[in-house]
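Chain by chain, the residues:
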Amino acid sequence: MSTTIDTRGLSCPQPVLMFMDAVKSGNENEIIVFTDTDASKENVSRAAENKKYTIKDIEQQGDEYKITLIKD
Amino acid sequence: MIKNFFATRWGVICVGAIIGVLAGLLQKFGNPGNMGICVACFERDIAGAIGLHRAGVVQYIRPEIIGFVLGALVAAFSFKEFKPRSGSAPIVRFTLGMFAMIGALVFLGCPWRALLRLAGGDGNAIIGLIGLAGGIWIGVQFLKNGYNLGQSKPTHKSAGLLLPLLMLGLLCLMLIYPQLAGENKAGVLFYSLKGPGAMHAPLLLSLGAGLFIGFIAQRSRFCTMGAFRDLILFRQMHLFSGVIALVVFAFITNFVFGQFNPGFTGQPVAHAMHIWNFAGMVLAGLAFALAGGCPGRQLFLSGEGDGDAAIFVLGMIMGAAIAHNFGLASSPKGVGPHGVTAVVVGLVICLFIGFTMRKKI
């Protein structure tokens, strides 16, 4: 299962909260997070590592990031 | 991709340590006791310097604040992180800024100063910090229940530059109208002749320290409110380790310079009314949590082009003016004549914001 979260324009700590909700909501093997600030990118990455997700890819698209996280 | 060292655990610890040492040094070079750096107090002094309030003892354009914003601006431009954005409930952020300041001025300090007061031996800071944690805990409950101020939108580059330009304007005013010996006014600016506002490190030192801290804090995302919030919300120690480093290194610096004086009474720019030290910081902590950042972090975000953080900063300056004009701010003698009422009103308004602004986006 894969899910996508759009956190663009949301300030701290909403992006991490939304990621955590996605983690809690079930057996998502892949979570894709869109974010537009470096702080959110770092915060989501840190939270992902804590929750045993691997950062598969961080793709920069203009001013935005697409972070692909895979469950270990 | 170049790894951002300052965003690592050791990076944020380094930043906390540097802030702690510089705060101790700024006090050594003239800033008020246990107030090497205080974002709330210094914004309050700026409000006084431009005449928004007329409390003669707290009027001075603090170059540290200017440095924080401009240092963060330089960092944001250097690392392509200047992202002009605004439009996430500005009126709410302004109101939160006002009451955050009012709460902080009942305690007499922002979270940074609470930590510095602790590192200087002021026991009242412990009560303030417990209040701060309590206020943030309430804010976290709202966050867990969907509290959200909504999305910001990208805006004009020049819109993101407005608060940094305002700060540059304040610096220009200071250079055009430097303090005149024995005069409480120079041109359009007020300068304290006594009290905390009259105590300050040399301009270049204050500005330089501010610029440096602004730069590294932008890189590290250092935030005292975030430190407590992440600990409560996610059991995450990342930012909190920076806070601990700040206290430890400020303590060491204070110890070396003989600035460590343990006790509850007779502490510089502080009072020992425990209930109101506690309640003032509950209000401030809740307002910071609802706005998503401590006063320092709001300055650094403003430097990155975040117009919503800039509105919060202006709200704090307005809050300082109201706090002194209405007798809400405390003094070493204790709480102001209407400080208690203001804390109650502020808590009611913050709860109103927390309960009613829940939206799943």
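In short, a report on the structure. (Residues numbered from 1 in each chain as written. Chains lettered and ligands numbered in written order. Predicted model: local features only at pLDDT ≥ 70, side-chain atom pairs only at ≥ 80, totals over all residues. Heavy atoms only, no water.)

**Observations regarding the pattern of salt bridges**
1) Next: Tallying each qualifying case throughout the model produces 13 salt bridges over all chains.
2) Next: The closest approach of N and O atoms between Arg 229 of chain B and Asp 230 of chain B, which form a salt bridge, is 3.1 Å.
3) Next: Residue Arg 229 of chain B is classed as buried on the basis of its relative accessible area, which comes to 1%.
4) Next: The network of salt bridges with common partners includes Glu 42 of chain A together with Glu 81, Arg 219 and Arg 221 of chain B. (Salt bridge = Lys/Arg side-chain N within 4 Å of Asp/Glu carboxyl O. Buried < 20%, exposed > 50% of the residue type's maximum accessible area, 1.4 Å probe, protein only.)

**Thoughts on the nonpolar core**
1) Next: Phe 19 of chain A together with Ile 37, Leu 96, Trp 112 and Phe 222 of chain B are the most contacted members of the largest nonpolar core, which has 122 residues in total.
2) Next: For this core, the element with the most residues is helix α4 (residues 90-107) of chain B, which contributes 10 residues.
3) Next: Setting aside residues no more than four positions away along its own chain, Phe 222 of chain B makes contact with Val 12, Val 15, Gly 16, Ile 19, Trp 112, Ala 217, Leu 239, Gly 242, Val 243, Leu 246, Arg 297 and Phe 300 of chain B. (Core = buried A, V, L, I, M, F, W, Y, C linked by side-chain atoms within 4.5 Å. Helix = DSSP H or I, 4+ residues; strand = E, 2+ residues; numbered from the N terminus. Contact = heavy atoms within 4.5 Å.)

**Here's the deal with the sheet that holds strand β1 (residues 2-6) of chain A**
Residues and elements named next belong to chain A.
1) Next: Spatially, the 4 strands line up as an open sheet ordered β1-β2-β4-β3, and their pairing is mixed. Of all strands in the sheet, those bounded by a partner on one side alone are β1 and β3 (53-61). Between one strand axis and the next, the sheet turns through 15° on average, direction left out of account.
2) Next: In this structure, β1 lies alongside strand β2 (residues 30-35), joined through 5 bridges in parallel fashion. By the bridge assignment, Ile 5 is partnered in β2 with Val 33.
3) Next: The strands touched by helix α1 (residues 14-24) are β1, β2, β3 and β4 (64-71); relative to β1, the strand with the most contacts, the crossing angle is about 160°. (Pairing = 2+ DSSP bridges. Axes fitted to C-alpha atoms, helices over the stretch in contact; angles between N-to-C directions.)

**Brief notes about the packing of aromatic side chains**
Residues and elements named next belong to chain B.
1) Next: In total, this model carries 15 aromatic pairs over all chains according to the counting rule given.
2) Next: Aromatic pair Phe 68 and Trp 112: ring centres 5.5 Å apart, planes at 50°, arrangement tilted. Taken together, the residues Phe 68 in helix α3 (residues 63-78) and Trp 112 in helix α5 (residues 111-119) connect sequence positions 44 residues apart. The exposure classification of Phe 68 matches that of Trp 112, with both residues buried.
3) Next: An aromatic cluster of three or more residues is present, and its members are Phe 68, Trp 112, Phe 222 and Phe 300.
4) Next: The ring of Phe 42 is capped by Arg 62, whose NZ or CZ atom sits 4.4 Å from the centre of that ring.
5) Next: Across the ring face of Phe 79, the terminal group of Arg 219 is positioned such that the distance to the ring centre comes to 3.8 Å. (Phe/Tyr/Trp six-rings, centres within 6.5 Å; stacked < 30°, edge-to-face > 60°. Lys NZ or Arg CZ within 6 Å of the ring centre and 35° of its normal.)

**Quick word on a positive patch on the surface**
1) Next: On the surface, Lys 24 and Lys 51 of chain A together with Lys 144 and Arg 235 of chain B cluster together to form a positively charged patch.
2) Next: Its location among the elements puts Lys 51 of chain A in the loop between α2 (38-50) and β3. (Patch = residues over 30% accessible without salt bridge, like charges linked within 9 Å, V, L, I, M, F, W, Y side chains within 5 Å. Areas by Shrake-Rupley, 256 points an atom, 1.4 Å probe, with all protein chains shown as cover. Lys, Arg positive; Asp, Glu negative; His and termini not counted. Charge placed at Lys NZ, Arg CZ, Asp CG, Glu CD.)

**Things to note about a nonpolar patch on the surface**
All names here are of chain B.
1) Next: A contiguous nonpolar patch, built from Met 237, Ile 244, Val 248, Phe 249, Phe 251, Ile 252, Phe 255, Val 256 and Phe 257 and spanning about 780 Å² of accessible area, is present on the exposed surface.
2) Next: Relative to the elements of secondary structure, Phe 257 occurs in the loop between α11 (238-256) and α12 (274-291).
3) Next: Accessibility expressed as a relative area gives 33% for Phe 257, which makes it partly exposed.

**Describing the environment of Ala 17 of chain B**
Residues and elements named next belong to chain B.
1) Next: Tracing the backbone shows Ala 17 in helix α1 (residues 9-28).
2) Next: Overall, Ala 17 belongs to the buried group, its relative accessible area being 11%.
3) Next: Linking Ala 17 and Phe 5, residues 12 residues apart in sequence, is a C-alpha distance of 15 Å.
4) Next: Excluding residues within four positions of it along the chain, Ala 17 makes contact with Ala 245, Leu 246 and Phe 249.

**Some thoughts on the packing of helix α2 (residues 39-49) of chain B against α4 of chain B**
Residue and element names in this part refer to chain B.
1) Next: Packing of α2 against α4 leaves a shortest axis separation of 10 Å and a crossing angle of 105°. What the angle tells us is that α2 and α4 run roughly perpendicular. Counted together, Ala 40, Glu 43 and Arg 44 of α2 and Met 101, Ala 104 and Leu 105 of α4 form the full contact between these two elements.
2) Next: Taken together, the residues of the contact of α2 with α4 break down into 4 nonpolar, no polar and 2 charged. (Parallel < 35°, antiparallel > 145°, perpendicular 65-115°, else oblique. Nonpolar A, V, L, I, M, F, W, Y, C, P; charged D, E, K, R; others polar.)

**Side note on the interface of chain B and chain A**
1) Next: Contacts between chain B and chain A engage 22 residues on the former and 22 residues on the latter.
2) Next: Contact between chain B and chain A buries roughly 1,800 Å² in total, counting both sides, with carbon and sulfur atoms accounting for 52%.
3) Next: The largest contributions to the chain B side of the interface with chain A come from Lys 83, Phe 234 and Gln 236 of chain B, which together make up 29% of the buried area.
4) Next: In this structure, Arg 221 of chain B engages Glu 42 of chain A in a salt bridge whose closest nitrogen and oxygen atoms are separated by 2.7 Å.
5) Next: The tally of links between chain B and chain A comes to 10 residue pairs in polar contact (both at pLDDT 80 or more).
6) Next: Top contributing element to the side of chain B that touches chain A by residue count: helix α10 (residues 224-234) of chain B, with 3 residues.
7) Next: Here the residues of the side of chain B that touches chain A sort into 7 nonpolar, 8 polar and 7 charged. (Buried area = accessible area lost by both parts, 1.4 Å probe. Polar contact = N/O pair within 3.5 Å; in protein donor to acceptor, adjacent residues only side chain to side chain.)

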